Every structure is written in structure tokens, then in C-alpha cells.
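Analysis of the macromolecular model
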Amino acid sequence: MLAARPEDAIASAALASFVLTLRLPRVLLGLLVGAGLAVSGALMQGLFRNPLADPGLVGVSSGAGLAAAATIVLGDRLLAGTAMKLPFALLPFGAFCGGLISTLALYLIATRQGRTSVATMLLAGVALGALSGALTGLLAYLSGDRQLRDLTFWSLGSLGGASWTKLSAVAPIVLPLLLAMPLLARGLNGLMLGEAEAWHLGLPVQRIKALAILLVALAVGASVASAGVIGFVGIVVPHLIRLVIGPDHRLLLPLAALGGATLLVGADIAARLDVAPAELPLGIVTAAIGAPFFLWLLLRRATTLDV
């Protein structure tokens, strides 16, 4: 029997270190982010009773992106002329706070006399998203070359910065949310009949809406904070699953989590292999998948309405 060569042992140790340090946290982060975005999309579609709804409509992603842009540009300028560098942990923290602040503002705008108007929330989300986009564009205009590069990569999304440290910060937020979201299944099924009908069924409609909004804000805020802005996962996955199994949220929510996790990890693999040894931003891959599907969905709905 041949003895193992020292160089083989070194290669095996290097491979194990590569998998444990880089690949495994990247896959786990992709699973968490994909599941969080997809379940958030399913919640939003159930809340708005519209399959075209998406977590981005409530302005969470835009608010988180604005806070991240402000952290990159303003933080870098405040530290200019000093030997200090902008702490990397400050960026996801700022994005997470931005998502929460935008959701709180949206909730306050849409709530009157203890009742939250879903229609007002949708319109206010579009307005807040446009405002956040304008302010992000202003920050990009004021940024330098290095800051503009950081902003571009952040806005396009990537799992390239995955680490055990980042995963340990995201998992305690997303995992409990994924466990709590199915608890809303019965309430979302009731809301499909209308708010008045759900109230007559004895469902706490206002509490369901507030909890759904809070869960979406936390899940999307944590996802954007850890991986940047990644679009279309929240609209593609829930709608595809709904076409197969129907609108029952008891099955839709857990299957959306599984489908979102699978889609995002698959998209990340494609982003790394398509232009190897370089890497495409993850948001480009998800947009290439989601945009044609979104257009097909719009045409399908328009044809159905015409008939």
C-alpha cells in the first residue's frame, strides 16, 4: 500500500479549508437569502391579493439600498484624510436599519385610526421607492470612482462577500422569520376572500397585516444587508408554485422557501460559471430569469382580462 505523499495531504487540507471557509458559507447564505425573499414575496402577494406584488413594492429594498449608499459615500468621506477604513460590518448594519426605517415610515403613512390600508401602502411604497432611488442616484453622482464601484456592485447583488461572520449575523434574523411566516397561512387564506369577510370569520385582520409587514421588512432588510439588492426572486418563485399547487398558503409558504433557496443558489452557480474566471453580479442573473417571466405574467393577465 502506497503511503500518502505530503503534497497530497497539503492539497486535501487546502481543499477542505477552501470549502469550509468560502463555499459552504456562500451556499448557506444563498439558501437563507433566497428563502427569505421568496417567502416575503408570497406574503406580499397574499396580503395584496395580487400575484404581481413583490417585496420591492413596499420600498424595503430601496430604503436598504439608500442607507447602504449613504454608508459607503458619506462614511468614506468622513474618514477621508485619516488612517481608518470604513468597517465592513457597518454596511450591512446600515442597510438593515434603512429597510426598517422605510417600512416604519410606510406603515405610519398607510395607517389611520388603527387600520392599515393596503392600497395606500402599495402607492406609498412606490413613492418611497422612487424617492429612495432618486437620493441613491444623487449619492452616486457625488461619489468618487472607488465609491461608485462599491455602489454598483452593491446595487447588483452578490454572494461573493459571504463569510461565517456575516452568516452568523443573518441567520438569527432570517431563520426565526421563516419559522414564523407559516403561522400566517390561515390568516392569508382568509384575506383572499376580502378583509371584511376575513373579519367576519373571526380573523384579527389588522394584526395579520401588521405582522406580515414586519416579517417582510425584517427578512428583506436582512437579505439586502447581506447580499445587496436582488430582484425578481420574490415574484417568480411564489407565482410558479401557486400555478402548480394552488393558492393555499399552508403549502405555498414552505414550498416558496424551498424554491427560493434553490433558485438563488442555482443562479449563484450560473453567475460564477458563465464568465469564469470572472463572476457576474447575482442581480443580473436573477433579472435575466425574472424579467421575461414578469412580462409573460403581465401578458397572460392582460389576455385573461380581455377574455
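Residues numbered from 1 in each chain as written. Predicted model: local features only at pLDDT ≥ 70, side-chain atom pairs only at ≥ 80, totals over all residues. Heavy atoms only, no water.

Points about the packing of helix H10 (residues 233-245) against helix H11 (residues 249-273)
For any two helices packed against each other, the geometry is given by the interaxial angle and the distance between the axes. The interhelical angle for the contact between H10 and H11, taken along N-to-C directions, is 130°, at an axis separation of 9 Å. Taken together, H10 and H11 sit at an angle that is classed as oblique. In the crossing of H10 with H11, the sense of the turn from one axis to the other is right-handed. Where H10 abuts H11, its residues Val233, Val237, Pro238, Ile241, Arg242 and Ile245 lie against Leu251, Leu252, Leu255, Ala256, Gly259, Gly260, Leu263 and Leu264. (Axes fitted to C-alpha atoms, helices over the stretch in contact; angles between N-to-C directions. Helix = DSSP H or I, 4+ residues; strand = E, 2+ residues; numbered from the N terminus. Parallel < 35°, antiparallel > 145°, perpendicular 65-115°, else oblique. Left-handed = near helix turned anticlockwise from the far one by under 90°. Contact = heavy atoms within 4.5 Å.)

Structural notes on the packing of helix H6 (residues 164-180) against helix H9 (residues 205-227)
Running from amino to carboxyl end, H6 crosses H9 at an angle of 160°, the nearest separation of the two axes being 9 Å. Compared by their axis directions, H6 and H9 come out roughly antiparallel. In terms of crossing hand, the pair formed by H6 and H9 is left-handed. Residue-level contacts link Lys166, Val170, Ile173, Val174 and Leu177 of H6 to Leu215, Leu218, Ala219, Ala222 and Ser226 of H9.

Considering the confidence of the model for the protein chain
Looking at the protein chain as a whole, its pLDDT mean stands at 81, while 86% of the residues score no less than 70. Within the protein chain, the lowest mean pLDDT, 68, falls on strand E2 (residues 115-116), and the highest, 92, falls on H11. (pLDDT = per-residue confidence, 0-100.)

What about helix H3 (residues 90-110)?
Each α-helix winds once per 3.6 residues, and so residues spaced three or four apart point in a common direction. Compared with an ideal rise of 1.5 Å per residue, which puts 21 residues at 30 Å, H3 spans 30 Å between its outermost C-alpha atoms and is within 8% of the ideal. Those residues of H3 lying buried are Leu91, Pro92, Gly94, Ala95, Phe96, Gly98, Gly99, Ser102, Thr103, Leu106 and Ala110. (Expected span 1.5 Å × (residues − 1). Buried < 20%, exposed > 50% of the residue type's maximum accessible area, 1.4 Å probe, protein only.)

Overview of the environment of Leu218
Topologically, Leu218 is positioned in helix H9. Here the alpha-carbon distance between Leu218 and Thr103, two residues 115 residues apart in the chain, equals 9.2 Å. Those residues within four positions of Leu218 in sequence are excluded, and the remaining contacts are Phe96, Leu100, Ile173 and Leu177.

Points about unusual backbone geometry
At Phe232, a position not held by glycine, the phi torsion is positive, near 75°. Its location among the elements puts Phe232 in the loop between H9 and H10. Here Phe232 falls in the partly exposed class, since its relative accessible area comes to 28%.

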